[in-house]
Amino acid sequence: MRFSIYRYNPDTDSAPYMRDYELTLPPGDMMLLDAILLLKQQDDSLSLRKSCREGVCGSDAMNINGRNGLACITPLSSLKQPIVLRPLPGLPVIRDLIVDMTQFFKQYHSIKPYLINNNPPPETERLQSPAEREHLNGLYECILCGCCTTACPSFWWNPDKFVGPAGLLQAYRFIADTRDEATAERLDDLEDPYRLFRCHTIMNCVDVCPKELNPTEAIGKIKDLMIKRVV
Amino acid sequence: MVNRVVVGAHYGLRDWLIQRISALVMVIYSVSLVGYLLLQDNFSYDVWTGIFANLAMRTFSLLFLLALFYHAWIGIRDIVMDYIKPASIRLVIHTLVVLALIVYTIWSVQILWGS
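The present account deals with the structure reproduced in this document. (Residues numbered from 1 in each chain as written. Chains lettered and ligands numbered in written order. Predicted model: local features only at pLDDT ≥ 70, side-chain atom pairs only at ≥ 80, totals over all residues.)

**Regarding the interface of chain A and chain B**
Think of interface size as the accessible area that goes away when the parts come together; that is how it is often given. Rules: Any pair of residues counts as being in contact when their C-beta atoms, constructed from backbone geometry, are within 7 Å of one another. Helical segments are the DSSP runs of H or I of at least four residues, strand segments are the runs of E of at least two, and each set is numbered from the N terminus. When residues are grouped by polarity, Ala, Val, Leu, Ile, Met, Phe, Trp, Tyr, Cys and Pro land in nonpolar, Asp, Glu, Lys and Arg in charged, and all others, Gly among them, in polar.
Between chain A and chain B, the residue contacts involve 15 residues of the former and 13 residues of the latter. Sort the elements by how many residues they give to the side of chain A that touches chain B and helix 8 (residues 215-230) of chain A lands first, with four residues. For the side of chain A that touches chain B, a count of residues per class yields eight nonpolar, one polar and six charged.

**Overview of the pairing of strand 4 (residues 67-70) of chain A**
All names here are of chain A. Here is the rule: Only when DSSP finds a minimum of two bridges between them are two strands counted as paired.
Across four bridges, the pairing between strand 3 (residues 61-64) and strand 4 is antiparallel. By the bridge assignment for strand 4, M62 is matched with G69. Count of turn residues in the strand 3/strand 4 antiparallel hairpin: two residues, of which N65 carries a positive phi of about 50 degrees.

**A short note on the packing of helix 2 (residues 102-110) of chain A against helix 5 (residues 165-175) of chain A**
All names here are of chain A. Inclusion rule: Here an axis means a line fitted to C-alpha atoms, over the contact stretch when the element is a helix, while the angle between two N-to-C directions is reported on a 0 to 180 degree scale. The labels follow the angle: roughly parallel below 35 degrees, roughly antiparallel above 145, roughly perpendicular from 65 to 115, and oblique for the rest. Handedness of each helix crossing follows the sense of rotation of the near helix against the far helix: counterclockwise by less than a right angle gives left-handed, clockwise gives right-handed.
Contact geometry for helix 2 and helix 5: axes closest at 9 Å, N-to-C directions at 20 degrees. Our classification of the angle between helix 2 and helix 5 gives roughly parallel. Every pair of crossing elements has a handedness; the one defined by helix 2 and helix 5 is right-handed. Contact residues: helix 2 offers Q107, Y108 and S110, while helix 5 offers A166, G167 and Q170.

**Digging into the pairing of strand 5 (residues 83-86) of chain A**
Residues and elements named next belong to chain A. Here three bridges tie strand 1 (residues 2-7) to strand 5, and the two strands are oriented parallel to one another. Looking across to strand 5, one finds that F3 is bridged to I83. Here strand 3 runs beside strand 5; their pairing, made up of two bridges, is antiparallel. In the strand pairing of strand 5, I64 is matched with L85.

**Things to note about the sheet that holds strand 1 of chain A**
Residue and element names in this part refer to chain A. Strand order in the open sheet made by the five strands is 2-1-5-3-4, with mixed pairing throughout. On the outer flanks of this sheet lie strand 2 (17-22) and strand 4, each paired with one strand and no other. The average undirected angle you get between the axes of adjacent strands in this sheet is 30 degrees.

**Some remarks on the nonpolar core**
Generally speaking, a soluble globular protein has its nonpolar side chains buried in company with each other. All names here are of chain A. Our working rule: What we call a nonpolar core is a set of buried Ala, Val, Leu, Ile, Met, Phe, Trp, Tyr and Cys residues whose membership is set by joining through C-beta atoms within 7 Å. The exposure label follows from counting other C-beta atoms within 10 Å of a residue's C-beta, where the C-beta atoms are placed from the backbone and the thresholds are 20 or more for buried and 12 or fewer for exposed, leaving partly exposed in between.
With 56 residues, the main nonpolar core has A71, L168, A171, Y172 and I222 as its most contacted residues. At the level of secondary structure, the elements contributing two or more residues to this core comprise strand 1, helix 1 (32-42), strand 3, strand 5, helix 2, helix 5, helix 7 (204-208) and helix 8. The element best represented in this core is helix 5, accounting for seven residues.

**Let's talk about helix 1 of chain A**
All names here are of chain A. So the rule is basically this: An arc is given here, and it is the one of the directions from the helix axis to the C-beta atoms.
By the burial criterion, the buried members of helix 1 are L32, L33, A35 and I36. One side of helix 1 holds all its buried residues, which, seen down the axis, span an arc of 155 degrees. Close packing links the buried residues of helix 1 with strand 3.

Here you go:
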């Protein structure tokens, strides 16, 4: 099986380059991550992030044949050869397939990703009815792998100002939570030409999300609430 | 001046909404005008001027043009916000675009209501 992988080591390389690899695979299908780890046995300078290897931690997000995804849950049989691997687009490359996620997490933290409730806590938990809890489905599952945000041209052009699909999905996750009391502040914070309204609904985020979540829908619901607030 | 990332202009919703509504106005106008013209057996200059002799049609046309200009303002501003980084150049472009659109509006009224 043929691979073409983006290589860049800032200590030794003056510019990034693509390097070709050949791999003879054992019979049967395997995930892309397993194949990359076999390649790493050939060339141990190849660097990438990985942890859980089952699509839960979101560490091994990368650009696979031009499309962002998680290597650990992408079957090799689904990919055309040569398999071209690049780091996530739009973020600074630290080395090979490892990108600097600082800007991504800065935007995530900017939406205050925690419950805001200044009422004294009750004796037990703050309870939700099953119907209230239902609203969080399709939102809480986000693993913050960064596939969606780095597939978004609006984030490429304004990474310092546009929250990005992952951050906006989480913003809605807390707006939708009945235990959270800061809806007005959260909407105020996002009522901004850059932070929310750089989204032009091109839906790259929905296309690439490895967890099949829908940030565009969440962004639409935030806009619906903003309209509801002013009319 | 310190170089800080500044956000929080607290507008966006209104423009976003106006862009949607103006698009709707443009679709309704374009489809009805093109549809009407296609239904004419004998399309001539007289038919064309006849359409715009009607006050309601002139008003609808002006509404269409205003929708188009406002839509264009938001669209162009969005493009400038993405691709032009220095605030000073951006302000100059914004100003020129707004002035041009105001001139177009006056010109449109002149065309529709002129002799």
